[in-house]
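Given next are the chains, with one letter for each unit.
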Amino acid sequence: MGSNGTVTPVHRHRARREGLPHRILELSDLTLRFGGVTSLAGLTMEVRGGELLALIGPNGAGKTSVLNCISGLYRPQAGGITLTGPDGARHALHRLAPHRIAALGVARTFQNIELFKHLTVLDNLMLGRHVHMNGGVLSGGLYWGRQRAREIEHRQYVEQVIDFMNLEPFRSAVVGNLAYGNQRLVEMARALALDPHLLLLDEPTAGMNAEEKESMARFILDVHEEQGLTVVVVDHSIDVIMDIADRVVVLDFGRRIADGTPDQIRNDPAVIDAYLGTQADDLGRREDGP
Amino acid sequence: MDIFLQLTVSGLSTGMIYALAAAGFVVIYKASDVINFAQGDLLLLGTYLIFFGVAQVGLPWSLGVAVTLLLAVAVSLAVERLVLRPLVGEPIISMIMVTIGLSSVLRGVTGAIWGPNPRSFDSFLPAGDIVLGPATLSTARLLSIPIALAVLAGLGLFFRHTRDGIAMRAIADDQQAALSMGISIPRVFGVAWALAAVSAAIGGIMLAGIVGVSPNVASIGLRVFPVVILGGLDSIAGAVLGGAIIGLLEVYVGFYVGHGLNLVVPYVVLVLMLMVRPYGLFGKEIIERV
């Protein structure tokens, strides 16, 4: 990836042509503890190639912990995470450093927007291309012409993403000055600039009004449907998530308590129990989680 | 007028050496938030390494400079790898304290190898003087100014345009996001220490050519603080301007106001600056929105 100078969206094309393996991510018996608090208690689940998987559950169920384990920010005490790359190679993510996981095409956004606030939108997105850029201090100086040509290619890729996410008006704005909703879009755009194999979205609609949520959901669907990207999304806005997800996994106390289509989940007694006091019908309509 | 011109050249050449040391300090601070108290000792190491290579081993100047830079980088990388990296994630104060210890060790080791007495040797900078109207200017000092400026400009370009330079700015802004973009923090810290060593070693080499080799060189390390506080802790341009101002102020005050006061004036500036504009002339004004 990247080393031979490919700037075209490798993963997506391959995904379509060769057909993705059934599972691109497997979490087996994942256990994560912070001192005496168990965040994940032997969680086993999978992500299938090309699907839009929603991960829901009450507060503290371990949703964000799952994403942090996948992207390497947390190290599980037990269990394993296996990623099957676009080339069929299998990688044990639980043993890799975060920057290596990103280089394998796992991109993510954060619950509390983590952007480079002092840089422009364009620079933030160019940083998304980091894993595709090779060359250090010396080679950058030695092969200046070639580096420049590659830089232009990266720039073109980023422009496509800017176009896709409708960020043209803010291209040169410093990110810290943007409105909250737009920052969320920039963060997603930056993840897309990485040309991900797997996209992890942590509460992409948190803090948004109904209209913004709608438009964010639209973007997620577009990424998923038009580009065939595998997406895992964690969110509290169950109404939004139930509308767009192919499959839903419900967590409670660090365990998987339900797994199925949105319709199956709406009627699952275990889920209704977990969302204590919430009626089955409400699950699909509430603005926020309980 | 002739005296004024001589003082100016002298002040600027000293100032540029301060700037080289300060720039290394800035690079490390920018990348890792570590305040490096051993910066002056890296300078000291540079002067002794060039003395060792050229005067003791008998290498030609060009080779001597290359060997000095390589050894300085090797020492710096070893320090980063063996001393600082194990402390990543510890409170920043621990890392700062370690650099104070490092300063003593470097001073002790150079003292043990080369002894406490000042040494002198033929400079590679031409010895003569240039007579400009009524003023007689030292060629060595005059030449050191453009050399230092070229190195500092190179550092500035590095930050703005190279993959590692941009990664460094990204890490300074948001470490988690940088990790998820595939940026390797150990690599970036290593590059920062290597660059700090190069910049300090070049300062040391020029210092060896201008004032000779002695353990007193390490005292310049303390002068780095007024320079970076004046210029801004995270700005290369600030290091250049700060270095020039402090260098000039020292010679002017020493000559026109009173000898001895030149030793104090940098710290008077430091205190005033902290009261008036604590982020420096070019530093990032940090406004946290809460």
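Because the structure is a prediction, the values reported are computed rather than measured.

1. Some details on the overall build of chain A
In step 1: Of regular secondary structure, chain A possesses 12 helices and 10 strands.
In step 2: With 290 residues in all, chain A has 44% of them scored as buried.
In step 3: Nonlocal contacts in chain A, meaning residues at least 24 apart in sequence, comprise 69% of its contacts between residues at least 6 apart.

2. Points about the pairing of strand β2 (residues 135-138) of chain B
All names here are of chain B.
In step 1: Here strand β1 (residues 129-132) runs beside β2; their pairing, made up of 4 bridges, is antiparallel. Paired with Asp129 across the two strands is Ser138, which belongs to β2.
In step 2: The antiparallel pairing of β1 with β2 creates a hairpin that spans 2 residues between the two strands, and Gly133 there sits at a positive phi of about 60 degrees.

3. Concerning the packing of helix α1 (residues 2-32) of chain B against helix α2 (residues 39-57) of chain B
Residue and element names in this part refer to chain B.
In step 1: Running from N to C, α1 and α2 point in directions that differ by 125 degrees, and their axes come no closer than 9 Å. Comparing the axis directions of α1 and α2 gives the class oblique. In the packing of α1 onto α2, the handedness of the crossing is right-handed. Along its contact with α1, which presents Ala21, Gly24 and Phe25, the element α2 presents Gln39, Gly40, Leu42 and Leu43.

4. Focus on the interface of chain B and chain A
Many authors give the size of an interface as the accessible area that is lost as the parts come together.
In step 1: On the chain A side, the residues contacting the 20 residues of chain B number 24 residues.
In step 2: Those elements that provide at least two residues to the side of chain B that touches chain A are α6 (163-173) and α7 (175-180) of chain B.
In step 3: By residue number, the principal contributor to the side of chain B that touches chain A is α6 of chain B, which donates 7 residues.

5. Quick notes on the confidence of the model for chain A
Residue and element names in this part refer to chain A.
In step 1: Looking at chain A as a whole, its pLDDT mean stands at 84, while 84% of the residues score no less than 70.
In step 2: Per-residue pLDDT stays below 50 along residues 1-18; that stretch engages in 28 contacts with residues further than four places along the chain or on separate chains.
In step 3: Confidence drops under a pLDDT of 50 for residues 285-290, and excluding neighbours within four residues, the segment shows 14 contacts in the predicted structure.

6. Some words on the sheet that holds strand β5 (residues 90-92) of chain A
Residues and elements named next belong to chain A.
In step 1: Across the sheet, which stays open at both edges, the 4 strands sit in the order β2-β1-β4-β5 with antiparallel pairing between neighbours. Bordering the open sheet on either side are β2 (37-48) and β5, each of which pairs with just one other strand. Averaged over all pairs of adjacent strands, the angle between their axes in this sheet comes to 20 degrees, without regard to strand direction.
In step 2: In this sheet, β2 lies alongside strand β1 (residues 23-34) in antiparallel orientation, the contact comprising 9 bridges. Each residue of the ladder has a partner; that of Leu25, found in β2, is Val47.

7. Concerning the packing of helix α9 (residues 220-231) of chain B against helix α10 (residues 236-257) of chain B
Residues and elements named next belong to chain B.
In step 1: Between α9 and α10, the least distance of the axes is 8 Å, while the angle of their chain directions is 120 degrees. Relative to α10, α9 is oriented oblique. For the pair α9 and α10, the crossing hand works out as right-handed. Packed against α9, whose contacting residues are Arg223, Pro226, Val227, Val228, Leu230 and Gly231, the element α10 presents Gly238, Ala239, Leu241, Gly242, Gly243, Ile245 and Ile246 at the interface.
In step 2: Here the contact of α9 with α10 is built from residues that sort into 8 nonpolar, 4 polar and 1 charged.

8. With respect to the environment of Pro134 of chain B
In step 1: Counting through the fold element by element, Pro134 of chain B comes out in the loop between β1 and β2.
In step 2: Put simply, Pro134 of chain B and Val264 of chain B are 130 residues apart on the chain and 30 Å apart in space, counted from C-alpha to C-alpha.

9. What to know about α9 of chain B
Residue and element names in this part refer to chain B.
In step 1: Compared with an ideal rise of 1.5 Å per residue, which puts 12 residues at 16 Å, α9 spans 17 Å between its outermost C-alpha atoms and is within 8% of the ideal.
In step 2: By the criterion of burial, α9 is predominantly enclosed, with 11 of the 12 residues buried.
In step 3: Residues of α9 that are buried: Ile220, Gly221, Arg223, Val224, Phe225, Pro226, Val227, Val228, Ile229, Leu230 and Gly231.
In step 4: Among the structural elements, α1, α2, α4 (92-114), α10 and α11 (261-276) are those in contact with the buried residues of α9.
In step 5: Gly232 sits one or two residues past α9 and shows a positive phi near 115 degrees.

10. Brief notes about the sheet that holds strand β8 (residues 230-234) of chain A
Residues and elements named next belong to chain A.
In step 1: Reading across from one edge, β6-β7-β8-β3-β9-β10 is the order of the 6 strands in this open sheet, with mixed pairing throughout. Each end of this open sheet is capped by a strand with a single partner; those strands are β6 (106-108) and β10 (255-260). Strand-to-strand twist in this sheet, taken as the mean axis angle between neighbours without regard to direction, amounts to 20 degrees.
In step 2: Pairing geometry for strand β9 (residues 247-252) and β10, over 5 bridges, is antiparallel. By the bridge assignment, Leu251 is partnered in β10 with Arg256.
In step 3: Here helix α8 (residues 210-227) sits on the sheet in contact with β3 (52-56), β7 (198-202) and β8, set at roughly 155 degrees to β8.

11. Considering the confidence of the model for chain B
In step 1: For chain B, per-residue confidence averages 88 on the pLDDT scale, and residues scoring 70 or more make up 97% of the total.
In step 2: This prediction of the complex comes with two scores: 0.79 for pTM and 0.76 for ipTM.

Conventions used here
- Residues numbered from 1 in each chain as written.
- Chains lettered and ligands numbered in written order.
- Predicted model: local features only at pLDDT ≥ 70, side-chain atom pairs only at ≥ 80, totals over all residues.
- Helix = DSSP H or I, 4+ residues; strand = E, 2+ residues; numbered from the N terminus.
- Buried ≥ 20, exposed ≤ 12 C-beta atoms within 10 Å, placed from the backbone.
- Contact = placed C-beta atoms within 7 Å.
- Pairing = 2+ DSSP bridges.
- Axes fitted to C-alpha atoms, helices over the stretch in contact; angles between N-to-C directions.
- Parallel < 35°, antiparallel > 145°, perpendicular 65-115°, else oblique.
- Left-handed = near helix turned anticlockwise from the far one by under 90°.
- pLDDT = per-residue confidence, 0-100.
- Nonpolar A, V, L, I, M, F, W, Y, C, P; charged D, E, K, R; others polar.
- Expected span 1.5 Å × (residues − 1).

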